[in-house]
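# Observations on the three-dimensional arrangement
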Amino acid sequence: QVQLVESGGGLVQPGGSLRLHCAASGFTFSSAAMNWYRQAPGKEREFVARITSGGSTKYADSVKGRFTISRDNAKNTVHLQMNSLKPEDTAVYYCNVFQFRHFWGQGTQVTVSS
């Protein structure tokens, strides 16, 4: 079965960096587009970044130039490098893949605060 396990969240000061990881299993990872979403308290879940099987990337305007998504097909992992973090980046970050339906990880909390 499809499993997605996120890690790497934490508390960071404004302007700092974090690197999130998502370990995937249960499907052909190298053939799948992978996504990161986030959900802040009281808000709807929103798209953050996407990487296709071929390595093409897409970002939400709010994170463009600050976040970088990457993948390691040998290790079935996808990463999200987050730089220049802002308090408004505070959210639970979720890894996502669509395999006939959407699958989600359990999420990892990112808190940006001084």
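Placed above this text is the structure.
Residues numbered from 1 in each chain as written. Predicted model: local features only at pLDDT ≥ 70, side-chain atom pairs only at ≥ 80, totals over all residues. Heavy atoms only, no water.

Overall, antiparallel pairing links the four strands, which are arranged E1-E3-E8-E7 in an open sheet. The two strands at the open ends of the sheet, each matched to only one other strand, are strand E1 (3-7) and strand E7 (67-72). On average, each strand axis in the sheet is tilted by 15° relative to the strand beside it, whichever way the strands run. Across five bridges, E1 lies against strand E3 (residues 18-25) in antiparallel orientation. From the neighbouring strand, Glu-6 faces E3, where its bridge partner is Cys-22. (Pairing = 2+ DSSP bridges. Helix = DSSP H or I, 4+ residues; strand = E, 2+ residues; numbered from the N terminus. Axes fitted to C-alpha atoms, helices over the stretch in contact; angles between N-to-C directions.)

Next up on the list: the state of the cysteines. Applying the stated rule across the entire model yields one disulfide. Disulfide partner of Cys-22: Cys-95, at an S-S distance of 2.1 Å. Because the torsion about its S-S bond is -85°, the bridge between Cys-22 and Cys-95 counts as left-handed. A residue pair is termed long-range when its members are at least 10 positions apart, and Cys-22 in strand E3 and Cys-95 in strand E9 (residues 91-98) qualify at 73 residues. Look at Cys-95 and you get buried, because its relative accessible area is 0%. (Disulfide = S-S within 2.5 Å. Buried < 20%, exposed > 50% of the residue type's maximum accessible area, 1.4 Å probe, protein only.)

This next bit is on the nonpolar core. Of all hydrophobic cores here, the largest spans 32 residues; its most connected members are Met-34, Trp-36, Leu-80 and Tyr-93. Of all the elements in the fold, those that place two or more residues in this core are E3, strand E4 (34-39), strand E5 (46-51), E7, strand E8 (77-82), E9 and strand E11 (108-112). Beyond its immediate stretch of four places on either side in the chain, Tyr-93 contacts Glu-6, Leu-20, Trp-36, Tyr-37, Arg-38, Val-48, Phe-67, Leu-80, Met-82, Gly-107, Thr-108 and Val-110. (Core = buried A, V, L, I, M, F, W, Y, C linked by side-chain atoms within 4.5 Å. Contact = heavy atoms within 4.5 Å.)

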